[in-house]
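One-letter residues, chain by chain:
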Amino acid sequence: MSDPSPFSITDTQPLDPKKFLDQHLTAKGETRASVAMTGLDTLWINTGTLCNLACKNCYIESSPTNDALVYITLAEVEAFLDEIAADNLPTREIAFTGGEPFMNKDMMPILRLCLSRGFEVLVLTNAMRPMRRFEKDLLALDGRERITFRVSLDHFTKQIHEAERGPNSWDKALDGLDWLSENKFNVAIAGRRVAGESEAQAQAGYQELFAARGWNIEVSDPAQLMVFPEMDAQADIAEITDACWSILSVDPATIMCASSRMVVKRKGEATPRVAACTLLPYDPQFDMGGTLAEASRKVALNHPHCARFCVLGGASCSA
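Residues numbered from 1 in each chain as written. Predicted model: local features only at pLDDT ≥ 70, side-chain atom pairs only at ≥ 80, totals over all residues. Heavy atoms only, no water.

Focus on the overall build of the protein
Working step 1: Summing up its helical and strand segments, the protein has nine helices and eleven strands in all.
Working step 2: Over its C-alpha atoms the protein spans a radius of gyration of 19 Å, differing by no more than 12% from the 20 Å that the globule rule assigns to 319 residues.
Working step 3: Its C-alpha atoms put the protein at 55 × 50 × 35 Å along the principal axes.
Working step 4: Put simply, the protein has 319 residues, and 53% of those count as buried.
Working step 5: A separation of at least 24 residues holds for 72% of the contacts in the protein among residues at least 6 apart in sequence.
Working step 6: As displayed, the protein has an accessible area near 14,400 Å², and 51% of this comes from carbon and sulfur atoms.
Working step 7: A gap of 3 Å separates the mean positions of the 31 positive and 43 negative side-chain charges of the protein. (Helix = DSSP H or I, 4+ residues; strand = E, 2+ residues; numbered from the N terminus. Rg over C-alpha atoms; globule rule 2.2 N^0.38 Å. Buried < 20%, exposed > 50% of the residue type's maximum accessible area, 1.4 Å probe, protein only. Contact = heavy atoms within 4.5 Å. Areas by Shrake-Rupley, 256 points an atom, 1.4 Å probe, with all protein chains shown as cover. Lys, Arg positive; Asp, Glu negative; His and termini not counted. Charge placed at Lys NZ, Arg CZ, Asp CG, Glu CD.)

Description of the packing of aromatic side chains
Working step 1: In this structure the tally under the stated criterion is eight aromatic pairs.
Working step 2: Taken together, a centroid distance of 6.4 Å and an interplanar angle of 20° make the contact between Phe102 and Phe149 stacked. Of this pair, Phe102 sits in the loop between β3 (93-97) and α2 (107-116) while Phe149 sits in strand β5 (residues 147-152), and the two are 47 residues apart along the sequence. Phe149 shares its class with Phe102; the two are buried.
Working step 3: Put simply, the rings of Phe102, Phe134, Phe149, Trp179 and Phe185 touch in pairs and so form one group of aromatic residues.
Working step 4: Note that Arg144 overlies the ring of Phe185, its terminal NZ or CZ placed 4.4 Å from the centroid. (Phe/Tyr/Trp six-rings, centres within 6.5 Å; stacked < 30°, edge-to-face > 60°. Lys NZ or Arg CZ within 6 Å of the ring centre and 35° of its normal.)

Some words on the side chain of Thr91
Working step 1: Summarising the element assignment, Thr91 is placed in the loop between α1 (74-86) and β3.
Working step 2: By relative accessible area, which is 10% here, Thr91 ends up buried.
Working step 3: A polar contact is formed between the side chain of Thr91 and the backbone oxygen of Leu40, at a distance of 3.0 Å.
Working step 4: Apart from residues no more than four positions distant in its own chain, Thr91 is found in contact with Leu40, Asp41, Leu43, Ile84 and Phe119. (Polar contact = N/O pair within 3.5 Å; in protein donor to acceptor, adjacent residues only side chain to side chain.)

A look at the sheet that holds strand β10 (residues 287-289)
The strands that make up a sheet pair up through hydrogen bonds in the backbone, lying either parallel or antiparallel.
Working step 1: Strands sit in the order β7-β6-β5-β4-β3-β2-β8-β9-β10 across an open sheet of nine strands; the sheet is mixed. Looking at which strands have only one partner, the edges of the open sheet turn out to be β7 (225-228) and β10. The sheet shows a mean angle of 25° between the axes of neighbouring strands, taken without regard to direction.
Working step 2: Bridge count for strand β9 (residues 273-275) against β10 is two bridges, and the pairing is antiparallel. (Pairing = 2+ DSSP bridges. Axes fitted to C-alpha atoms, helices over the stretch in contact; angles between N-to-C directions.)

Side note on the packing of α1 against α2
Working step 1: Interaxial distance between α1 and α2 falls to 9 Å at its minimum, and their mutual angle equals 20°. Judged by the angle between their axes, α1 and α2 are roughly parallel. Between α1 and α2 lies a crossing of right-handed hand. Within the contact between the two elements, α1 uses Leu74, Val77, Glu78 and Leu81 and α2 uses Pro109, Ile110, Leu113 and Cys114.
Working step 2: Split into classes, the residues belonging to the contact of α1 with α2 amount to seven nonpolar, no polar and one charged. (Parallel < 35°, antiparallel > 145°, perpendicular 65-115°, else oblique. Left-handed = near helix turned anticlockwise from the far one by under 90°. Nonpolar A, V, L, I, M, F, W, Y, C, P; charged D, E, K, R; others polar.)

What to know about helix α6 (residues 170-182)
Working step 1: The end-to-end C-alpha distance of α6 is 18 Å, a good match for the 18 Å that 13 residues give at a rise of 1.5 Å each.
Working step 2: Within α6, the full set of buried residues consists of Trp170, Ala173, Leu174, Gly176, Leu177, Asp178, Trp179 and Leu180.
Working step 3: On its buried side, α6 packs onto α3 (129-132), α4 (135-139), β5, α5 (158-165), β6 (186-192) and α7 (199-213).
Working step 4: Following α6 by one or two positions, Lys184 has its phi on the positive side, about 65°. (Expected span 1.5 Å × (residues − 1).)

Things to note about the pairing of β6
Successive side chains on a regular strand alternate, one facing one side of the sheet and the next facing the other.
Working step 1: Judged by how many residues are buried, β6 sits mostly within the fold: six of seven residues are covered.
Working step 2: Bridge count between β5 and β6: five bridges; the pairing is parallel. In the strand pairing of β6, Arg150 is matched with Ala188.
Working step 3: In the sheet, β6 pairs with β7 via four bridges, with the strands oriented parallel. In the sheet register, Ala190 faces β7, and the bridge partner there is Met226.
Working step 4: In this region the chain leaves β6, passes through α7 and returns to the parallel neighbour β7; the handedness of that crossover is right-handed. (Right-handed = clockwise from strand over helix to strand, strands pointing away.)

The analysis is restricted to geometry; functional conclusions fall outside its scope.
Pasting the structure below:
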């Protein structure tokens, strides 16, 4: 058996099997919290789950062999951008995640399309070989000042990063980040914390790394450094009720599904679908429909990720 992920959650009980069963009520019979859509600010598009890496704790199970979400095409992306335009949606940003987006052969045409429509663009990448194949194309992008590359750097140390992502992944990621920085692209980092590590400790560690490499990334800006809480759908966590908003002093409008959706294309399905959340592409209860209009309804927080990552963790995939 291989070593577990350094980010595994080990200090909790298994999930209570009575939790997260009912869209409307918690295991205690209380009204489950839901989030209404305030407006589509960010449209996420999953480019496909195939990836050049097989991380130990990938929430979407991306790998070199997992094609549960197949490659989305330029024409399919264009159809959703057309819907945004036709319905005059307030969409500011188109964001891409995978898998590794640059393994999709349509990725460069898709980026050119989004930039030509005037959107800000966010690309989640590991900055390794798939991205580096397109250096000339990326440098030639018209409007590239509106694109941000959020690079996954799981820790500020090589040892922990490679314990999660595999050997020989650290230096290649840093080299890719060097290239992006040297060519004046907007760069952000997606990081994580190991057990017992405070946010301040994580920020200090990343700051030292950024300074040593000469990267202009501000650790105190969550749009430039996102240090995500860990997720484990099998670990116990509290369910979120309507009363929790006031108890926790959390505004539901700040939760990710209030202002974003994600387009996915599942293997075996003829057309793309719209999921409520970047974290839940497979769960049928978070399949919101085939169009952005259908997907604008409220979302019941009926999954452990809703509690651990979004509400209690205060995290969002969108800046």
